[in-house]
Each structure stands twice: as structure tokens, then as C-alpha cells.
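One-letter residues, chain by chain:
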Amino acid sequence: MRFYTKQHKYYCGIDIHARKMYLCILDETGEIRLHRNIITDREEVFLKTIHPFQEGFVVTVECMFTWYWIADLCNEHDIPFFLAHALYMKAIYGRKAKNDKIDSRKIAVLLRGSMIAMAYNLPEPLGCIAKPRDRHGIVELIKDTSVQKMIDTDLAIIQAYDPIVAKMKWDII
């Protein structure tokens, strides 16, 4: 298990979902500088929200299904980003009292204290995998063969769900 240990001026923990994400930004002393639920939008909301803190800033999200776009965005804007390993995070801070606001703060606190286990990081932005045409070549980006097998399995499951999700999308919207 590898932990993120670099020191920064600001630490951003994000509990991210498809439509909303809760941000918690701590300064180097642990003081909450921002704690807000925002819509999941690239330039219009996220970048404007973090703009006052961008100097000396690091972003971390728990490795869930909706992380890829924020990794790409941070990479495009030279913002340090890494993925927190979801299973290890659960083992470290548990889940007794849970909601998005609490989780975002716990992520930021663990990040500041060098207690976040890193998930594997890809050498380049992964991009959006929501569309089948964008999934080619993903497995080959990973060097670890056991991780390749897990990703290959995940992609097969996603492919099986694609037609089901496509049908459901029209009922949900």
C-alpha cells in the first residue's frame, strides 16, 4: 500500500457522484476553507469554486465510477490529482456516521495527514469511458497484470450493462 505524503498549502477532498459532488478544502493547518455541495460541472462550477485555492493545491477523490473526468480536468490545468483507494479508505476511517459532507471532510483530513492509500494511477488521462468507443486500449495502459484482469472484467460488466442503462436513461430523465 502506498500513501500520498506530499505537503501542500490546500487539500481538497471530494465525495463525487454523477450529478453532485461535495468539496472540502482544508488549509495546511487543518482549517476548513470551503465546504460545499456543488453540481458536477467542469469549468462553470468546479474550476471557479477552487480558483482561490489553486496555488499549492491537491485534489483527491475516492476511486468510484465518476472520477475520470475530474482527473482529466486536473491534468489539463496542472492541478495535482490522485485517486484514493476506496477499500483502504473504508478500512482506515470506517463508515459509522456517513454522508457526503462528512466523507468529503474525512478525505481532506486523511489527505492532509498523509493517511490516504493511493489507488493505481494511469500514466495519462483515462478519458470518458461512458461510451463504448472510448474504452479501447484502457487495459493496455496498466502494467500490473492482475490489475489488467480486474479492469478487463469491469469493462465486460460495463458492456453487459450498457443496453440496460440506455433503456433506463429515458425513464429517469
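An account of the accompanying structure is given in this report.

**Things to note about the packing of helix α1 (residues 42-50) against helix α2 (residues 68-76)**
Two numbers describe how α1 lies on α2: the axes approach to 12 Å, and their chain directions differ by 65°. By the angle between their directions, the pair α1 and α2 is classed as roughly perpendicular. Viewed along their axes, α1 and α2 form a crossing whose handedness is right-handed. Where α1 abuts α2, its residues Arg-42, Glu-43, Phe-46 and Leu-47 lie against Trp-69, Ile-70, Leu-73, Cys-74 and Glu-76. Among the residues forming the contact of α1 with α2, the class breakdown is 6 nonpolar, no polar and 3 charged.

**As for the pattern of salt bridges**
Opposite charge on two side chains lets them pair, provided their charged atoms get close. For the structure shown, the criterion picks out 2 salt bridges. A salt bridge links Asp-27 to Arg-33, with the nearest nitrogen and oxygen atoms 3.6 Å apart. The buried category is assigned to Asp-27, whose relative accessible area is 11%. A residue is classified by how much of its surface remains accessible, and Arg-33, at 43% relative accessible area, is partly exposed. The partner of Arg-135 in a salt bridge is Asp-162, and the shortest N-O contact between them spans 2.7 Å. Taken as a pair, Arg-135 in the loop between α4 (100-112) and α5 (145-172) and Asp-162 in helix α5 lie far apart in primary sequence, 27 residues in all.

**Focus: the packing of aromatic side chains**
The full count for this structure, using the stated rule, is 2 aromatic pairs. Centroid distance Tyr-10 to Phe-53: 5.2 Å. Interplanar angle 75°. Geometry classified as edge-to-face. Placement of Tyr-10 in strand β1 (residues 10-16) and of Phe-53 in the loop between α1 and β4 (57-62) is noted, with a sequence separation of 43 residues between them. We classify Tyr-10 as buried; its relative accessible area is 9%. For Phe-53, a relative accessible area of 8% corresponds to the buried category. Measuring from centroid to centroid gives 6.4 Å for Phe-46 and Trp-69, while their planes differ by 85°, and the two rings are edge-to-face. Here Phe-46, found in helix α1, pairs with Trp-69, found in helix α2; they are 23 residues apart in sequence, far enough to count as distant. Classification of Phe-46 by relative accessible area gives buried; the value is 0%. Of the residues examined, Trp-69 reaches a relative accessible area of 12% and is grouped as buried.

**Details of the sheet that holds strand β5 (residues 81-84)**
Taken in spatial order, the 5 strands make up an open sheet running β3-β2-β1-β4-β5, and their pairing is mixed. Either end of the sheet is taken by a strand with one partner, and the two such strands are β3 (32-39) and β5. Pairwise comparison of adjacent strand axes, ignoring direction, gives a mean angle of 20° for this sheet. Of the strand pairs in this sheet, β4 and β5 are connected by 4 bridges, and their pairing is parallel. Among the inter-strand pairings, Val-59 is bridged to a residue of β5, identified as Phe-81. Across the face of the sheet, α1 comes into contact with β1, β2 (20-27), β3 and β4 while running at roughly 180° to β3.

Cut-offs used in this document
- Numbers given for residues are sequential positions, taken from 1 along each chain in its written order.
- The predicted origin of the model limits local features to residues at a pLDDT of at least 70 and limits the giving and counting of side-chain atom pairs to 80 or more, whereas totals for whole chains, interfaces and linings rest on all residues.
- In computing side-chain values, all of the structure's heavy atoms are included and hydrogens and water are not.
- Angles shown run from 0 to 180 degrees and are taken between the N-to-C directions of axes, each axis being a line fitted to C-alpha atoms and, for helices, limited to the stretch in contact.
- Think of it this way: any DSSP run of H or I at least four residues long counts as a helix, any run of E at least two long counts as a strand, and we number them from the N terminus.
- To sort the angles, those under 35 degrees are grouped as roughly parallel, those over 145 as roughly antiparallel, those from 65 to 115 as roughly perpendicular, and the leftovers as oblique.
- Here is the rule for handedness: rotate from the far helix to the near one, and if that takes an anticlockwise turn smaller than a right angle the crossing is left-handed, while a clockwise turn gives right-handed.
- Contacts are assigned to residue pairs that have any heavy atoms within 4.5 Å of one another.
- Under the convention adopted here, Pro, Cys and the residues Ala, Val, Leu, Ile, Met, Phe, Trp and Tyr are nonpolar, Asp, Glu, Lys and Arg are charged, and Gly plus all remaining residues are polar.
- Definition used for salt bridges: Asp or Glu carboxyl oxygen within 4 Å of a side-chain nitrogen of Lys or Arg.
- For the exposure calls, accessible area comes from a 1.4 Å probe over protein chains only, and a residue counts as buried if that area is under 20% of its type's maximum, exposed if over 50%, partly exposed in between.
- Whether two aromatic rings pair depends on their centres lying within 6.5 Å, for rings of Phe, Tyr and Trp, where Trp uses its six-membered ring; planes under 30 degrees apart make the pair stacked, over 60 edge-to-face, and the rest tilted.
- Two strands are said to pair when DSSP picks up at least two bridges between them.

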